Amino acid sequence: MRAFAHYVNAFPWQCSAAMVDEWLGDLRSLRELKRSTIRSYSEAVRAFCHFSTDPAYEWSQTCEQRFGTHPIQVVHEWNTAAHVQVNEADPKKRAFTKNELNDFFALCDDQVARIRAFGRKGWLPAFRDATLFKTAYAFGLRRYETRMLDAFDFARSVDGPEFGEYGLCRVRFGKAKKGSPPKQRSVMTVWKWTPDILEEWFTEIRPLFGIDGNPAAWPSERGMRVGRQRLNSRFVAYRKELGLDDGVDFHSLRRAYVTHLIEAGWDPRFVQEQVGHEHASTTSIYTCVSSDFRRRTLRRHLDATVAEALGGQETQA
């Protein structure tokens, strides 16, 4: 509401529906905000107007007495974005394919080796970011969830003792609902290679950062933990070097995690709990199964149907 008032340079009792229409238009065309973000802004203004015009609070009468006018509801169906479909995500956004993911992680490792071979100091941050990217995929984490991990967030799992000290990852800064604290969840380790990369990082590499008193899993050279912009720039640089389209972003690691578990036959309910989705429909949106997987699935079921039919004919004979 403050952003809207600043844009129109007017008090709430002076605002009109035309002002909202102009403001939202600029948000779309100039700032290029997402449709869901614009709707969130308009709903905030709608809620404020509903409060300010509610007779129970007598704001309308007070404004009329003091200013000769009163606030009105300025947000309507005709000047706001309608929520017409469940998934409004950018259609360009997608998961890594398995080959792309292998190439991406291979490039991460090559960069570390290349920088270290030239005797440059930057190999430590490159190693950190490479491990961070792999961890985000290994547990299906969002960028902020990954950044905010501390060393003690990894622990043994009673159900997966073979993973040792890295059987689960405690996510303490999960995506929260508006007005609520961050959601917490425990993510079980599923890939056999995960403990190896974490063991190497925490026992051999991380101590080289000089981390006395710093609990962050991914410390920065100058601060407590690695910055978001640093991760973004590194990710984009690797993506461009591989020639991948901009539909692949950090969140594609999380999409790939969901997709690859589903393709591997993991129970959808388990996958939903792992990534912390409240509804199964949200998990389904993240699932980007490949055409090859769909062909294999179709072929397997068709072959089973044919075999069952032939078996029934032999029984009758």
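Here, every reference points to the structure presented above.
Residues numbered from 1 in each chain as written. Predicted model: local features only at pLDDT ≥ 70, side-chain atom pairs only at ≥ 80, totals over all residues. Heavy atoms only, no water.

(A) Quick peek at the overall build of the protein chain. Along the protein chain, the regular secondary structure elements total 13 helices and 3 strands. Of all 317 residues assigned to the protein chain, the portion counted as buried reaches 40%. At a minimum sequence separation of 6, the contacts of the protein chain that also span at least 24 residues come to 61%. Per element, the accessible surface of the protein chain, about 18,500 Å² overall, is 53% carbon and sulfur. (Helix = DSSP H or I, 4+ residues; strand = E, 2+ residues; numbered from the N terminus. Buried < 20%, exposed > 50% of the residue type's maximum accessible area, 1.4 Å probe, protein only. Contact = heavy atoms within 4.5 Å. Areas by Shrake-Rupley, 256 points an atom, 1.4 Å probe, with all protein chains shown as cover.)

(B) A look at the pattern of salt bridges. Applying the stated criterion across every chain yields a total of 18 salt bridges. Put simply, arginine 46 and glutamate 43 hold a salt bridge, and the shortest N to O gap is 3.1 Å. Placement of both arginine 46 and glutamate 43 in helix H3 (residues 35-52) is noted, with a separation of 3 residues, approximately one turn of the helix. Overall, the relative accessible area of 21% leaves arginine 46 in the partly exposed class. Across the salt bridge formed by arginine 94 and glutamate 100, the nearest N and O atoms sit 2.9 Å from each other. With a relative accessible area of 22%, arginine 94 lands in the partly exposed category. Relative accessible area serves as the criterion here: at 17%, glutamate 100 is assigned to the buried category. One connected set of salt bridges, linked through shared partners, spans Arg128, Asp129, Glu221, Arg230 and Arg234. (Salt bridge = Lys/Arg side-chain N within 4 Å of Asp/Glu carboxyl O.)

(C) Geometry of a negative patch on the surface. A grouping of Asp196, Glu199, Glu200 and Glu204 is seen on the molecular surface, where their side chains present a negatively charged patch. Relative to the helices and strands, glutamate 204 is located in helix H8 (residues 194-205). (Patch = residues over 30% accessible without salt bridge, like charges linked within 9 Å, V, L, I, M, F, W, Y side chains within 5 Å. Lys, Arg positive; Asp, Glu negative; His and termini not counted. Charge placed at Lys NZ, Arg CZ, Asp CG, Glu CD.)

(D) Quick look at the packing of helix H5 (residues 98-117) against helix H9 (residues 228-242). Contact geometry for H5 and H9: axes closest at 10 Å, N-to-C directions at 110°. Of the possible angle classes, the one that applies to H5 and H9 is roughly perpendicular. Residues Asp103, Phe104, Leu107, Cys108, Gln111 and Arg114 of H5 lie in contact with H9, whose contacting residues are Phe235, Tyr238, Arg239, Glu241 and Leu242. Each residue belonging to the contact of H5 with H9 can be placed in one class, and the counts come to 6 nonpolar, 1 polar and 4 charged. (Axes fitted to C-alpha atoms, helices over the stretch in contact; angles between N-to-C directions. Parallel < 35°, antiparallel > 145°, perpendicular 65-115°, else oblique. Nonpolar A, V, L, I, M, F, W, Y, C, P; charged D, E, K, R; others polar.)

(E) The arrangement of the pairing of strand S2 (residues 168-174) in detail. Relative to S2, strand S1 (residues 154-155) runs antiparallel, the two being bridged by 2 bridges. Among the inter-strand pairings, alanine 155 is bridged to a residue of S2, identified as leucine 168. Relative to strand S3 (residues 183-188), S2 runs antiparallel, the two being bridged by 5 bridges. In the strand pairing of S3, arginine 170 is matched with serine 186. (Pairing = 2+ DSSP bridges.)

(F) Seen up close, the packing of aromatic side chains. Tallied over the full model, the rule gives 31 aromatic pairs. Centroid distance phenylalanine 104 to tyrosine 238: 6.1 Å. Interplanar angle 70°. Geometry classified as edge-to-face. Here the residue phenylalanine 104 occupies a position in helix H5, and tyrosine 238 occupies one in helix H9, the gap between them amounting to 134 residues. This pair shows no difference in class: phenylalanine 104 is buried, exactly as tyrosine 238 is. Clustering of aromatic rings is evident, with ring pairs tying together Phe96, Phe104, Phe105, Phe133, Tyr137, Trp191, Trp193, Phe235, Tyr238, Phe250 and Tyr257. Above the plane of the ring of tryptophan 123 lies arginine 116, whose end atom (NZ or CZ) is 3.8 Å from the centre. (Phe/Tyr/Trp six-rings, centres within 6.5 Å; stacked < 30°, edge-to-face > 60°. Lys NZ or Arg CZ within 6 Å of the ring centre and 35° of its normal.)

(G) Region of the structure containing the state of the cysteines. The tally for this structure, following the rule as stated, stands at 0 disulfides. Free cysteine: cysteine 15, not disulfide-bonded; nearest cysteine sulfur from cysteine 49 at 7.1 Å. Look at cysteine 15 and you get buried, because its relative accessible area is 8%. (Disulfide = S-S within 2.5 Å.)

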